[in-house]
Structure formats: structure tokens, C-alpha cells
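# Fold and geometry: a report
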Amino acid sequence: MEKTEQRFTMQTVQYGASADQQADLYLPATPRPPVVCLLHGGFWRMPYGRDQMTAIASDLVAHGLAVWNMEYRRLGAPQAGWAATMDDVAAGIDYLADLCVGGVDVDLDRVIVIGHSAGGHLALWGAGRSHARNTSLPGVHIRAVVGLAPVADLAEAYVRKVGGEAVVELLGGPPGLYPDRLRAASPMEMLPLRVRQLILHGTADDAVPIELSRGYARAAEAAGDTVEILELPGTGHMEYLDPDSDAHAILRRWLLASMSEA
């Protein structure tokens, strides 16, 4: 689908007290648009930030979608890691309901969470936490979640040294030392997530091996989840951040089709 020229507004919103608990809200001119929550990667570490997703956010709002491009406390910042980083993602998604109470006109029955790399881990976690914690999200209906080369299995990522010692830094120690944290933080351990899932992963990804997504998708399907995995031949790890890439075109087509479903 070709991009249409649309007017939009963008404002930065605080969803918590920390300087990192903020997000950029992109609103198209169309009334009550569906919402895409974006979560950037960078192995949960500073200095990587939500500016990685700015070009993608601009493309999606130009196609009539509201975009909530979230920041969160990252490793290297005070109090980041277990469990503040995940708590920030939960608070950021939940804050969409507060925005609506405050008069922001978006459709909370059509919310899709998308994350890249470590942000893919956070997206899957954020979408699945309601079932895992036996709680309900306050007025926010997550229709689907998309992982773009996601770190979906923290135990396997630790074994493979994905991001070096990033998993150890996130959990505060090796998974074997903190099994409860692993069960609470890793999407693989949380299955079934009970939300529709799309996984995009390139066969040429040398940062997050595609085997992580293959194993995760098999386990999620076996657990009863609806999971679609698309392997992108020759695609590496960073193409998803380019709105002109084939990888993003695949995501955008899927996203617009999913948002238009009744």
C-alpha cells in the first residue's frame, strides 16, 4: 500500500516520574485510529533509545495509525534492569487508557505492540503479561504482538551469549541463579501468551540468531498460541528500522490488514 499524505501531530508524554518513563505520541488527523506501541532494541542498554524507531513511527502515522513510541529505563541508568525495565513497559502500555480519559481519541480495542530485538522481547512480554500475572489490562485490548528479530527466549539467548552478558545484566545474574526471574521475564517461559503473534526474522541476522525465533514459534504453537513466523531470506538485524526496506513493507502490509479486521 502506498503511503498517503496525512497531517499528524506529535507530542512527548510522561507516563511516570523518571526521565526515561516517556513516550512520543503520534496522532493522525483521522478520528479514533488504532494504536501501534513501538519498543526499540539495543539489548536493553543505554545509550540506545526510542529515536531508533522515529522513522518507522513517522511512516505508520502517515498510513493513518496512531503510534506510541515508548522509552523505558535501560541498563546503565539508575534502577534499570530487573524488574524496572519490564515495569516501565507495563506502565507505558497501561497509560494509553489514561490518555483516553484525558481526551486523546484513539481506539483501545485495536492495539498492536511491536518490538525490535530486545524490544521484541519486551513487546512479547508486555502483550503476554496479563495472562502470566492473572491480571487484566485497564481498558487496553492488545489485538496482536509483533516481534522483529526478537530475543524471545532469554535462557537460550544466555547460552548463545546474545548481546554478550545482556541477559545476565537484565536479570541481575545468570538465569540458573534466578529461575523465578527467568519465568517471569522470558516470553518462552510465559507460554501460552494467548494473543496473536507475528515473528519476523532474517536468515542473515548475526546479532540475534534466527534459531531463537524458530524454537520460540514451535513452542508457542505447541502451547496453543496463534503464531505466524516469516523468515526473510538475506535479511539482517537492522533492516526493520528502515521504512523503505522490504522488511518494513511486509510488516506494514500485515499491520494494516490486521487493523482493518473486524
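Every chain is numbered on its own, with residues counted from 1 as its sequence reads. Whole-chain, interface and lining totals are the exception, using all residues; otherwise, since this is a predicted model, local features are given only for residues with pLDDT of at least 70 and side-chain atom pairs are given and counted only at 80 or more. Each side-chain value is derived from all of the structure's non-hydrogen atoms; neither hydrogens nor water enter the calculation.

This part covers the side chain of Arg73. Only DSSP runs of H or I covering at least 4 residues are called helices, and only runs of E covering at least 2 are called strands; the numbering of each starts at the N terminus. Take Arg73: it is sitting in the loop between strand S4 (66-70) and helix H2 (84-101). Partly exposed describes any residue whose relative accessible area lies between the buried limit of under 20% and the exposed limit of over 50%, with all areas from a 1.4 Å probe on protein chains only and scaled to the type maximum. Among the residues examined, Arg73 registers a relative accessible area of 12% and is labelled buried. Within 3.5 Å is the distance limit for a polar contact, defined as a pair of N or O atoms, with the added protein rule that one can donate a hydrogen and the other accept it, and that residues adjacent in sequence qualify only through two side-chain atoms. Within polar-contact distance, the side chain of Arg73 engages the side chain of Asp88 at 2.7 Å.

Okay, the sheet that holds strand S5 (residues 111-116) next. An order of S1-S2-S4-S3-S5-S6-S7-S8 is seen for the eight strands of this open sheet, with the pairing classed as mixed. Among the strands making up the open sheet, the edge pair consists of strand S1 (8-14) and strand S8 (227-232). Looking at each pair of strands side by side, their axes are set apart by 15° on average, direction ignored. For two strands to be treated as a pair, DSSP must find no fewer than two bridges joining them. Relative to S4, strand S3 (residues 35-39) is paired through five bridges, and the arrangement is parallel. The residue bridging Cys37 from the neighbouring strand is Trp68, located in S4. Fitting a line to C-alpha atoms yields each axis, with helices limited to the stretch in contact; the angle taken between N-to-C directions then spans 0 to 180 degrees.

Along the chain, His248 falls in helix H9 (residues 246-260). Looking at His248, its side chain comes within polar contact range of the side chain of Asp59, at 2.8 Å. Two residues form a contact once any of their heavy atoms are found within 4.5 Å. Those residues in contact with His248, other than ones at most four positions away along the chain, are Ile56, Asp59, Leu60, Tyr240, Asp242 and Pro243.

With that out of the way, let us pick up the pairing of S5. Most of S5 sits inside the fold, with six of its six residues counted as buried. The side-chain alternation of S5 yields two buried faces, one formed by Val111, Val113 and Gly115 and the other by Ile112, Ile114 and His116. Pairing between S3 and S5: five bridges, direction parallel. The residue of S5 that forms the bridge with Leu39 is Gly115.

Glancing now at the packing of helix H1 (residues 54-62) against H9. Packing of H1 against H9 brings their axes to within 12 Å, and their N-to-C directions diverge by 40°. Classified by the interaxial angle, the pair formed by H1 and H9 is oblique. Considering only the axes of H1 and H9, their crossing is right-handed. Contacts between H1 and H9 involve Ile56, Asp59 and Leu60 on the former and, on the latter, His248, Arg252 and Leu255. Here the term charged refers only to Asp, Glu, Lys and Arg, the term nonpolar to Ala, Val, Leu, Ile, Met, Phe, Trp, Tyr, Cys and Pro, and the term polar to all other amino acids, Gly among them. Along the lines of polarity and charge, the residues of the contact of H1 with H9 split into three nonpolar, one polar and two charged. Roughly parallel means an angle under 35 degrees; roughly antiparallel, over 145; roughly perpendicular, 65 to 115; everything else is oblique. Two helices crossing with the near one rotated counterclockwise from the far one by less than a right angle form a left-handed crossing, whereas a clockwise rotation gives a right-handed crossing.

Take it as geometry only, folks, not as evidence of what the structure does.
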